[in-house]
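Residue-level structural notes
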Amino acid sequence: MAERVLVAMSGGVDSSACVSLLQKQGYEVGGVVFDMSPAHHQAVEDARLAADFFGVPLTVCNLRERFSREVIDYFCQSYLSGETPNPCVRCNPTVKFAALYEEMQRGGYDWIATGHYAGIVRRGDTYYFTQAQSAQRDQSYMLYRLPQEIMARLLLPLAGMEKPQVRQLAREAGLPTFDKPDSQENCFIPDGDYPAYVEGRCGPSRRGQFIAPDGSPAGPHRGIAHYTVGQRKGLGIALGRPVFVRAIDPASGDVLLCDAGEEYAGEIRLREVCAPDPAQLAEGAQVLVKIRSVAKPCPATLHPLPGGGLTVHFATPQRAPAPGQSAVFYRDGLVIGGGIIDRPRSENGGAAGGPQTTA
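**Structural notes on the side chain of asparagine 186**
In this fold, asparagine 186 is placed in the loop between α7 (163–173) and α8 (194–202). A polar contact is formed between the side chain of asparagine 186 and the backbone nitrogen of phenylalanine 188, at a distance of 3.1 Å. There is a polar contact of 3.2 Å between the side chain of asparagine 186 and the backbone nitrogen of isoleucine 189. Among all residues touching asparagine 186, those that are not within four sequence positions of it are Phe75, Pro87 and Tyr194.

Written as structure tokens, this is what we have:
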């Protein structure tokens, strides 16, 4: 009897190619699509079409309340706190993969699968993500917070493929949507206007002053939700030279500016650290670290902090590490952990959250 696998479907090329590959490998495939917000309506309809095309049963799972609570509320509060959230990093362990795993158990499936570009390997009793063959498409950064029980049942068929190969596979299968554009980075704000969304949902964000590099007030700004660390364009202020956002103070509402070059940092602090094997994040551990999903990995040294958290010392200063984003650690091609970039200690009074296992 064929093993059964439940695929998270969206009607897009990647998840559809995932279904096709698994069917060719002999699995009995079922599908599930997650209705997480009004912006997901088209994905639900496209998933129905793809499921019909491949002849697989499809479950539509309403996750709107859960997604709103776990992701949208977090997203808005993060911006209102002067941070830059990463909703996918939050959604994957708390909503998308958690619900996929629950549906697997409810439906009696053996495996779950998605069209993410990443790999999984087992070392002893521990599972690790690996980077995809396609460096441009690699999504291992987004998956680092998944727990071990989910990783143990997860198949990622696109790990060794490039996007043109995936589109060609979909074309050869006769899928009508083989040339469908890639999904947007933020699935619940299609137009990408994050400040308008946050302030439309929560009201105006805290207003204050731009603080020039010399410490002097440089004029009022539109509200802290409109800015992120490292930003240069769209500031709406003229100082006669390029300036960048160095920090955002949610208490005063001030946006601190710096001159070019001063947006680089030699170290960061992390909170909410997690790892498949926390022992790999010991004092002096040497890793490669990515401070955003599209960043190039940088050599770094880890130093656990008293009471929890980590300090990450970069071998080369990194541009504009933004509080709220993730720093993800790699060693020998494996994702060995990561955490959330914290605000400087002077802004929040200290770090919290030591290394936790993802088991």
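**So, empty space enclosed by the protein**
Applying the stated rule across the entire model yields one cavity of 30 Å³ or more. There is about 40 Å³ of room inside the largest cavity. Looking at the lining of the largest cavity, its residues break down into seven nonpolar, no polar and no charged.

**A short note on the sheet that holds strand β1 (residues 4–8)**
Taken in spatial order, the five strands of this open sheet run β3-β2-β1-β4-β7, and their pairing is parallel. This sheet does not close on itself; its edge strands, each paired only once, are β3 (58–62) and β7 (154–155). Where β1 meets strand β4 (residues 111–113), three bridges bridge the pair, whose relative direction is parallel. Within β4, the position partnered with valine 7 by the bridge is alanine 113. Relative to the sheet, helix α1 (residues 13–24) contacts β1, β2 (28–35), β4 and β7, its axis offset from that of β1 by approximately 170 degrees.

**Examining α7**
Within the span of α7, buried status applies to Lys163, Val166, Arg167, Leu169 and Ala170. An end-on view of α7 places all buried positions within 155 degrees of arc, on one side of the element. Across α7 from its buried face, at more than 90 degrees, point the exposed residues Pro164 and Glu172. Of the surrounding elements, those touching the buried residues of α7 are α1. Of the residues flanking the end of α7, it is glycine 174, one or two places downstream, whose phi is positive at about 85 degrees.

The rules behind these values
Residues numbered from 1 in each chain as written. Predicted model: local features only at pLDDT ≥ 70, side-chain atom pairs only at ≥ 80, totals over all residues. Heavy atoms only, no water. Helix = DSSP H or I, 4+ residues; strand = E, 2+ residues; numbered from the N terminus. Polar contact = N/O pair within 3.5 Å; in protein donor to acceptor, adjacent residues only side chain to side chain. Contact = heavy atoms within 4.5 Å. 1 Å grid on protein atoms, 1.4 Å probe; cavity = no way out; pocket = protein on both sides within 12 Å on 5 of 7 lines; lining within 4 Å. Points joined across faces, edges and corners; volume = space filled by probe spheres on them. Nonpolar A, V, L, I, M, F, W, Y, C, P; charged D, E, K, R; others polar. Pairing = 2+ DSSP bridges. Axes fitted to C-alpha atoms, helices over the stretch in contact; angles between N-to-C directions. Buried < 20%, exposed > 50% of the residue type's maximum accessible area, 1.4 Å probe, protein only. Arc of directions from axis to C-beta.

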